Amino acid sequence: MVCGENNHELMVTGQNTTGEVEEFKVGVVIDANTSVAKVWLTCIDMALSDIYAYRKNYKRRLVLHVMDSKSDVLDASSAALNLIQNVKVQAIIGPTTSAQAINVAHLGKRYQVPIISFSATSPSISLAQNPYFIRTSLNESSQVNAIAAIVKKFGWREVVPLYEDTEYGHGVIPYLMDAFQNTNTRVPYRSVFPSAATDDQITQELNKLDNMGTRVHILHMLSPLGLRVFTQAKVLGMMNKGYAWIITSGLGTDLNSFEPSDIDTMQGVLGIRPYISQHKEFRKEYPDIERKLDIFGIWSYDTIRALASVVENFQTGPELLQELSNMKFEGLSGVFHLVNRQLQSDAFQILNICGSGIRDIGIWRPSDGTNKLNLRPVIWPGDATEKPKGWEIPLKDRKLRIGVPLKNGFNEFVKTTKNSCNGTRYDVAGYCIDVFTTALKKLPYCVPHEFIPYEKNESGKAGSYYDDLVHQVQLQNFDVVVGDVTITATRSQQVDFTLPYTEGGVSMIVLVKKDLSQDTWIFLKPLEWKLWVTTGAFFLLVGVVIWILEHRVNREFRGGPHSMYQWGTLLSFSFSMLVFAHKERVLSNLGRFVMGIWLFVVLILTQSYTANLASMLTIQRSDPTYNDVNQLIRYGYNVGYQEGTFVFGMLKRMGFDESNLKSYKSPGEFDEAFSKGRSEGGIVAAFEELPYIELILAEYCGKYMMVGDIYPYDGFGFVFPKGSPLCPDISRTILSTREEGRTERFKKGWFKNQKSCADNNDPYGSSNSLTLGSFWILFLITGICSALAVIAFLTIFFYENKQILRDPSITTRNKILNLLRKFCEHDENRLITYFEPPACSDQNKIVDNRVHATEINIDAVDSLPRIHASPMAGNVSARSDNSNAEMGGYTTLIADHNIASGNCIPADSNTRTYVGKL
């Protein structure tokens, strides 16, 4: 090897052992002063020595003219031009970098000299535009699928590439983006470092990355800058547990040449480099370069072999180019296969930096794609054996900010209340909150969070509250939004949604007309069950009160042939009052007072029952009041929508005039809007999302019904920033929660106070039944009057029997028993009875000398004396068998004065006898 001092030219020749040999001049443009260049030149020299040592009959011999490009693009072009014009080389090997190769390739095209590079790997060098450029190294883009396979293997959804601001750094990025896109991996940011970046610049950019939350970094740099980045990353704590780093082949091929201190800064890093099986004899023969030998040195060796074999048969540029473009042989790097002037990749080696060495953990081949990568266990940064989840919420000293809607209605979904202990904080609950917190707890990691209500509607437009709430995530005012937020296409352009956790769609609700005429139990429907029970109880109460008031003075309430007779009388009297068919007569004033009040109440109840039953039988309620949306639009009817929702915009797109759209905030306002009627500005229909419809129908079952088409929309989802890796994790836990049936249990828990439709279809009531609330005042009056009557009766009773109460010789128990006996006895002073006169018989027929008279035997009337009555002319007199004097205040009256002499009172006549004290 000869080095030209003046023109930086080095000439390397093979040994001439066969006599006259034609020289084939080859230029070498290389950054000669770098340590790696010296290794490459050594490999080139070894290749020539090996070729011509084993090949004895060669016709042409390579003569290499080496020129230093001084790590400069212009110097590389100048060296190449000098070799072409002055040295008259027939091919050039080099230059070192991709940036240098682009310019030198143009010279090769101009002078038709093949430019063969074993180190310019950037895909930005277009082979189509540079027909004389041959790349005997792998294109950097060939490794992107291997990197994507690693990312997919560990389930990472988000990565950030870090690359240097050079031709080498920029060239592979578009291909890397495509590979990540094919595996649904998001790249939220690209971190670019100047090739001469200072430590402060590196630290500033790394801090920016750390605040973003992404923890998977792809480092695509050459060794000088890449090692400095790792040094600063370690200082910042970015080489600890939870981080993942992958280096491309730019650093991966240099790993064997790194110092131990460099390896120490890269603990847990994954690397990728072309897989080669280095020849053991090569290592033994040149042990001094084994540690510094890289893949480019091996490719330089194979490049010289390829060129030496071709020049034996071809010498001119075009012929040489054609032969080199497609050749294949077993080289030091393995199968050295050129296709269309590009070396083809065979496999990539996956490495893991651990301890003081490098572990081989797997091989990736192009045929594996991104789905068939098998790796041995990995030691991650921080000596962790568990794979990093790939991202962290960059909370630092704060919690995840979760925005929730501040609602005045439909609080079953989200209920927000101020904390009683701290007025500045809020407590949130509801169906949506339960689903989210359950999904959050299922994550394999902890996420500190706090709920923040969103109060204001910034735009102030109708139907825009939820849109504004979603927009807060895009503005980074909230990290997440949790609530009854519907997934729409427009919102999905700004944010990401989880999978829906409720049924989706919008439909129309109208009043229902239900046909009750075919209901078997319709006779019970006019009154609700509470009113039925209360009415029955008061019938019994009034019957008991009347019995108490009449028992001592009315013979029909005194007794019967057996002990249960009075119970039958009481029940019969009580319920026969419902149709005013009671045969027992109430004689006491207090009884008549209670009876009058109760009969008035019964009259109102029966008339109301009759009217409501007639209404149910005649009014048809089996059909919806409206079912044609076009009719509502055409006639300008008012329709309702929930305030702040996207339904407002949907209705406007359907053709509704904005003046006919009425908003409501709660189920109560919804029902009130229907109750007003069209004439008072009420609504005739409402459009609502299915989850709300389910709640409304449960609360007002039987009164409203859903009709018409279901307009397709997704259900409720949780809102995350675009590309948030937390979003797919929450989606997976939502699926798990739904499969376990927990979302349905949450729904039942929050809607447990709502009536189900099945419950409302029972025979004891409906939404049209009369309620107890409409008649409670009548029952109150009846109860008060009954109580006053009983109190008055007891007051008189105790007064008349005060001697019993005042007798000191009687115990309290005996006093009570005596009073009960007294109550059960008849009151001779007040005994009153109506009874039918006895039928005629010979026994009770008496003949007087002047007139015929009728004897009425009333011996059965306890101890009353026998009384006889005789009709007189214009008057009635009474006499007793025991005395001719006037009776002591008792009188017998024959109501019918047309009794013929000698005739009895017919048994079926209307003649009645009154016995009592006048």
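Conventions adopted
- Residues numbered from 1 in each chain as written.
- Predicted model: local features only at pLDDT ≥ 70, side-chain atom pairs only at ≥ 80, totals over all residues.
- Heavy atoms only, no water.
- UniProt positions renumbered as here; feature names shortened; annotations may be inferred.
- Axes fitted to C-alpha atoms, helices over the stretch in contact; angles between N-to-C directions.
- Helix = DSSP H or I, 4+ residues; strand = E, 2+ residues; numbered from the N terminus.
- Parallel < 35°, antiparallel > 145°, perpendicular 65-115°, else oblique.
- Contact = heavy atoms within 4.5 Å.
- Nonpolar A, V, L, I, M, F, W, Y, C, P; charged D, E, K, R; others polar.
- Core = buried A, V, L, I, M, F, W, Y, C linked by side-chain atoms within 4.5 Å.
- Buried < 20%, exposed > 50% of the residue type's maximum accessible area, 1.4 Å probe, protein only.
- Domains from an automatic or database assignment.
- Phe/Tyr/Trp six-rings, centres within 6.5 Å; stacked < 30°, edge-to-face > 60°.
- Pairing = 2+ DSSP bridges.
- Right-handed = clockwise from strand over helix to strand, strands pointing away.
- Expected span 1.5 Å × (residues − 1).

- Going by the annotation in an unreviewed UniProt entry, the name recorded for the protein chain is Glutamate receptor, with Papaver somniferum given as the source organism.
- What UniProt records for the protein chain under Subunit (unreviewed entry) is the sentence "May form heteromers."
- In the Subcellular location (unreviewed entry) part of its UniProt record, the protein chain is described as follows: "Membrane".

### A look at the packing of helix H14 (residues 431-441) against helix H24 (residues 726-739)
Stage number 1. As a packed pair, H14 and H24 sit with axes 8 Å apart at the nearest point and diverge in direction by 110 degrees. Our classification of the angle between H14 and H24 gives roughly perpendicular. Where H14 approaches H24, its residues Thr 438, Ala 439 and Leu 440 are matched on the opposing element by Ile 730, Thr 733, Ile 734 and Thr 737.
Stage number 2. Here the residues of the contact of H14 with H24 are counted per class, giving four nonpolar, three polar and no charged.

### Here's the deal with the UniProt feature "transmembrane region" (unreviewed entry) in the protein chain
Stage number 1. Per the UniProt record, the feature "transmembrane region" (unreviewed entry) sits at residues 531-549, 593-611 and 775-799.
Stage number 2. Here residues 593-611 runs as 100% helix and 0% strand, with 28 Å between its end C-alpha atoms.

### Let's talk about the nonpolar core
Stage number 1. Membership of the largest hydrophobic core comes to 82 residues, with the highest contact counts inside it found for Leu 62, Phe 180, Ile 304, Leu 307 and Leu 324.
Stage number 2. The leading source of residues in this core is helix H1 (residues 35-54), at 11 residues.
Stage number 3. Shared between two domains, this core holds at least three residues of each, these being domain 1 (9-138 + 279-343) and domain 2 (140-275 + 347-368).
Stage number 4. Sequence-distant contacts of Leu 307, defined by excluding residues within four places in its chain, comprise Val 26, Leu 62, Ile 93, Ile 116, Leu 320 and Leu 324.
Stage number 5. Ranked by size, the runner-up nonpolar core spans 59 residues in total, among them Ile 433, Val 473, Ala 673 and Ile 734.

### As for the packing of aromatic side chains
Stage number 1. Under the defined criterion, the tally for this structure stands at 38 aromatic pairs.
Stage number 2. Here the aromatic rings of Phe 413 and Tyr 692 are separated by 5.1 Å at their centres, their planes lie at 70 degrees, and the arrangement is edge-to-face. You can see Phe 413 sitting in the loop between strand S18 (400-405) and strand S19 (415-418) and its partner Tyr 692 sitting in helix H23 (residues 690-699), a full 279 residues away along the chain.
Stage number 3. Note on Phe 797 and Phe 798: the rings are 5.7 Å apart at their centroids and 55 degrees apart in plane angle, and the pair reads as tilted.
Stage number 4. With relative accessibility at 36%, the residue Phe 798 sits in the partly exposed group.

### Overview of the sheet that holds strand S27 (residues 685-689)
Stage number 1. Strand order in the open sheet formed by five strands is S26-S25-S27-S24-S28, and the pairing between neighbours is mixed. Pairing within the sheet leaves two strands with one partner each, and these edge strands are strand S26 (661-664) and strand S28 (704-711). Across the sheet, the axes of successive neighbouring strands diverge by a mean angle of 30 degrees, strand direction being ignored.
Stage number 2. Bridge count for strand S25 (residues 639-642) against S27 is two bridges, and the pairing is parallel.

### Brief notes about the pairing of strand S10 (residues 216-220)
Stage number 1. Burial of S10 is extensive: five of the five residues sit out of reach of the surface.
Stage number 2. Alternating residues of S10 divide into Val 216, Ile 218 and His 220 and His 217 and Leu 219, and every residue in both groups is buried.
Stage number 3. Relative to S10, strand S8 (residues 160-164) is paired through four bridges, and the arrangement is parallel. Residue pairing across strands places Pro 161 opposite Ile 218, the latter belonging to S10.
Stage number 4. For the crossover that starts at S10, traverses helix H8 (residues 223-235) and ends in the parallel strand S11 (residues 244-247), the hand is right-handed.

### Focus on helix H17 (residues 529-550)
Stage number 1. Between the first and last C-alpha of H17 there are 32 Å, a value that for 22 residues agrees with the 32 Å anticipated at 1.5 Å per step.
Stage number 2. When H17 is considered as a whole, its buried residues turn out to be Leu 531, Thr 534, Thr 535, Phe 538, Phe 539, Val 542, Gly 543, Val 545, Ile 546, Leu 549 and Glu 550.

### Observations concerning helix H27 (residues 776-800)
Stage number 1. Spanning 25 residues, H27 covers 36 Å between terminal C-alpha atoms, matching the ideal 36 Å at 1.5 Å per step.
Stage number 2. Every buried residue of H27 is listed here: Leu 778, Phe 779, Thr 782, Cys 785, Ser 786, Ala 789, Val 790, Phe 793 and Phe 797.
Stage number 3. Looking at the buried side of H27, the elements it contacts are H17, helix H19 (589-618) and helix H29 (812-824).

### Some thoughts on the pairing of S18
Stage number 1. Among the six residues in S18, five count as buried, and that is most of the element.
Stage number 2. Alignment of S18 against strand S22 (residues 480-481), held across two bridges, turns out to be parallel. Bridging from a neighbouring strand, Ile 402 pairs with Val 480 of S22.

### A look at unusual backbone geometry
Stage number 1. Pro 95 follows Gly 94 through a cis peptide bond whose omega is -5 degrees.
Stage number 2. Among the structural elements, Pro 95 can be located in the loop between strand S5 (91-93) and helix H3 (98-111).
Stage number 3. Unusually for a residue other than glycine, Arg 341 sits at a positive phi of about 70 degrees.
Stage number 4. Note on placement: Arg 341 falls in the loop between strand S14 (334-339) and strand S15 (342-343).
Stage number 5. Judged by relative accessible area, which is 14%, Arg 341 ranks as buried.
Stage number 6. The backbone of Asp 383 sits at a positive phi, close to 55 degrees, despite the residue not being glycine.

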